[in-house]
Amino acid sequence: YHTLRLILGDQLNINHSWFKTTDDTVLYVLMEVRSETDYVWHHIQKVTAFFAAMENFYLELKKQNHNIVYIRLDDTDNQNTFSGNCSALIKKYNIRNFEYQYPDEYRVDKELSDFCTKLDISYKSFDTEHFYTTREELANFFQDKKTLLMESFYREMRKKHNVLISAGEPEGGQWNFDSENRKKIPKSHNAIPPYVFHNDVTDQHSRITKAKIKTIGRINPEQLVWPVNREQSLELLKHFTDNCLMFFGTFQDAMQSSQWSLYHSRLSFSLNSKMISPQEVTQAVIKAWRDNPDTISLNQTEGFIRQIIGWREYMRGVYWLKMPEFEKVNFFSHKNPLPGWYWTGETKMNCLKQSIKQSLDYAYAHHIQRLMITGNFALLAGVHPNDVDAWYLGIYIDAIQWVEITNTRGMSQYADGGAIATKPYTASANYIHKMSNYCDGCSYNYKEKTSENACPFNSLYWNFHDRNRAQLGNNPRLAMVYRLWDKMAPKEKAAILEKADCYLNQIESL
Ligand code: FAD
Ligand code: DLZ
Ligand code: SF4
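Residues numbered from 1 in each chain as written. Chains lettered and ligands numbered in written order. Predicted model: local features only at pLDDT ≥ 70, side-chain atom pairs only at ≥ 80, totals over all residues. Heavy atoms only, no water.

### A word on the pairing of strand β4 (residues 97–101)
- Of all 5 residues making up β4, 5 are buried, and the element is well covered by its neighbours.
- Side chains of β4 alternate between two faces, with Asn97, Glu99 and Gln101 and Phe98 and Tyr100 buried alike.
- Here 4 bridges tie strand β1 (residues 3–6) to β4, and the two strands are oriented parallel to one another. Following the sheet pairing, Thr3 is matched in β4 by Asn97.
- Sheet analysis places β4 next to strand β5 (residues 122–126), joined by 5 bridges and oriented parallel. Residue Glu99 lies in a different strand from β5, and its bridge partner there is Lys124.
- Running through helix α4 (residues 106–117), the crossover from β4 to the neighbouring parallel element β5 is right-handed. (Buried < 20%, exposed > 50% of the residue type's maximum accessible area, 1.4 Å probe, protein only. Helix = DSSP H or I, 4+ residues; strand = E, 2+ residues; numbered from the N terminus. Pairing = 2+ DSSP bridges. Right-handed = clockwise from strand over helix to strand, strands pointing away.)

Printed below as a string of structure tokens:
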């Protein structure tokens, strides 16, 4: 072979121009490596899903007559890093040219560019041909602007890619229909069950177990629920447009006990591994909306499109703008460890118990559970963002650092001091009660702040704003919060702060 082409586990894009023609001088490689399985404690479903998807991709390329090697975890000559295995292959096959696609993660990007500068053969890197935007596009867009406002980036994306635009104007005369969305699930409403697969990943699972890789969460390796190839990813997309899109916006922020995904698409793993593209998801959703005007309204459609061409591309751009400094930011100087029950779900707080248990069961929680339950609590409790990141980066099926850290450290923990969010995403029990039925089955009382079994979110909420007043007091979006706090009687304030201290001191047993 003349050329070695490396494919990373999250680069499973069969429509990439690399694969348009076969070339006998090109050798492709996919590899299971400890550098990727061990940089954090991943959920076992995430590692098996990545391995299974990688193997299916390997089989597909083989079927299309490409030369490809697949290095398994248990191969005796596995060097367990991308660069180690590539070096060995370059030597073995007397390769004269090395090629790879831009990694989405800073760490891997650095590993590969360092590797290349040491090579004595030629090398070249390629776009992944997946995202709407390039790495630098967001930085260029915001160059002369003071803030990184998602909404302005999103509108630009709509116009540039002609998505939900008619005669130069936003479809329906508005860019955003959020005011029609975000309803609680009514008692009489039965949400449809999640569409799941039954993939047998016992092979991958036993490899991981034998290698003694430290993982978290639960799995039934005979029935992995996640899509592990392109066909299944497209099937999940079809299920979404047929059955979920019609309620997506309406119930986007709702949470319900024992309902682990409601009307969310669960396409994040398929997208982040690049088995499907954001363009085809966008097109399918718009087609479903146009074909079904009686059942699918614009607010559902726009709400979903904003996640794909807005938030997802935005987070990617922010990642490349802010890394590597982003890994270190800690605006509030938070230092507390993550409570141990984040790893077990063993807490009396029902909202946290439900959100964490389902994360351990399915490697999944939907956005509002991540932001307003687990993220909100960690922020109020002053947990070090490193601990928060390590948890989110491991536990979710879709967690790859570019989209994990921007959402966690940035959006959820406000550790960037407001680069992404205009105010910290905090809430007391009032919000959780409004958007879910969690409080109905809880040992704590959502209405209480200081009594014996008062909901911890209530006192911690005020404690957070009181202790961070120096940093947040001038934020106009928090003026109301501080006005309310200042209006409270000194005795009540003292009781709330005392209750918060008491809860923080016994956080492991909450
Ligand atoms: P849906 O609700 O159906 O949304 C559709 C798609 O839109 C998603 O698949 C995703 O690709 C995209 N999307 C939606 N919201 C966001 C967002 N805020 N940022 C980027 N893309 C978005 N998403 C990840 O893909 N990986 C992560 O590691 C990740 N970590 C998160 C951590 C925290 C603390 C928070 C608050 C959010 C995180 N998100 C992450 C964003 C979002 O919660 C998930 O993308 C979503 O829950 C995935 O489920 P879904 O496919 O059913 O999404
Ligand atoms: C997440 C993951 C895991 C668990 N294992 C592998 C692996 O063994 N080999 C691989 O190529 N990729 C894996 N991945 C995905 C990578 O971590 C991902 O490609 C990088 O983070 C670059 O974005
Ligand atoms: Fe969560 Fe408090 Fe409601 Fe319990 S009462 S579910 S802890 S918000």
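### Brief notes about the site of ligand 3
- Inspection of the region around ligand 3 gives Met349, Cys351, Ala429, Ile432, Tyr438, Cys439, Cys442, Tyr444, Tyr446, Cys455 and Phe457 as its neighbouring residues.
- Considering only residue class, the shell around ligand 3 consists of 11 nonpolar, no polar and no charged. (Near = heavy atom within 4 Å. Nonpolar A, V, L, I, M, F, W, Y, C, P; charged D, E, K, R; others polar.)

### Structural notes on the domain arrangement of the protein
- As far as domains go, the protein holds domain 1 (3–126), domain 2 (137–196 + 228–322) and domain 3 (340–509).
- Here the C-alpha centre of domain 2 lies 31 Å away from the C-alpha centre of domain 1.
- With 17 residues of domain 1 at the contact, the number on the domain 2 side is 11 residues.
- The contact between domain 1 and domain 2 buries some 1,100 Å² in all, and 59% of this surface belongs to carbon and sulfur atoms.
- Summed over the shared surface of domain 1 and domain 2, the result is 2 salt bridges.
- Between Lys274 and Asp104 there is a salt bridge, and its shortest N-O distance comes to 2.4 Å.
- In this assembly, domain 1 and domain 2 are joined by 6 residue pairs in polar contact (both at pLDDT 80 or more).
- Counting residues per element, the ones that place at least two in the side of domain 1 that touches domain 2 are α2 (44–63) and α4.
- The leading source of residues in the side of domain 1 that touches domain 2 is α2, at 5 residues.
- Looking at the side of domain 1 that touches domain 2 residue by residue, the classes come out as 8 nonpolar, 5 polar and 4 charged. (Domains from an automatic or database assignment. Contact = heavy atoms within 4.5 Å. Buried area = accessible area lost by both parts, 1.4 Å probe. Salt bridge = Lys/Arg side-chain N within 4 Å of Asp/Glu carboxyl O. Polar contact = N/O pair within 3.5 Å; in protein donor to acceptor, adjacent residues only side chain to side chain.)

### Digging into the pattern of salt bridges
- Tallied over the full model, the rule gives 29 salt bridges.
- The shortest N-O distance in the salt bridge between Arg5 and Glu99 comes to 2.8 Å. Here Glu99 lies in strand β4 and Arg5 lies in strand β1, a separation of 94 residues in the sequence.
- By relative accessible area, Arg5 is classed as buried at 14%.
- Residue classification places Glu99 among the buried positions, given a relative accessible area of 9%.

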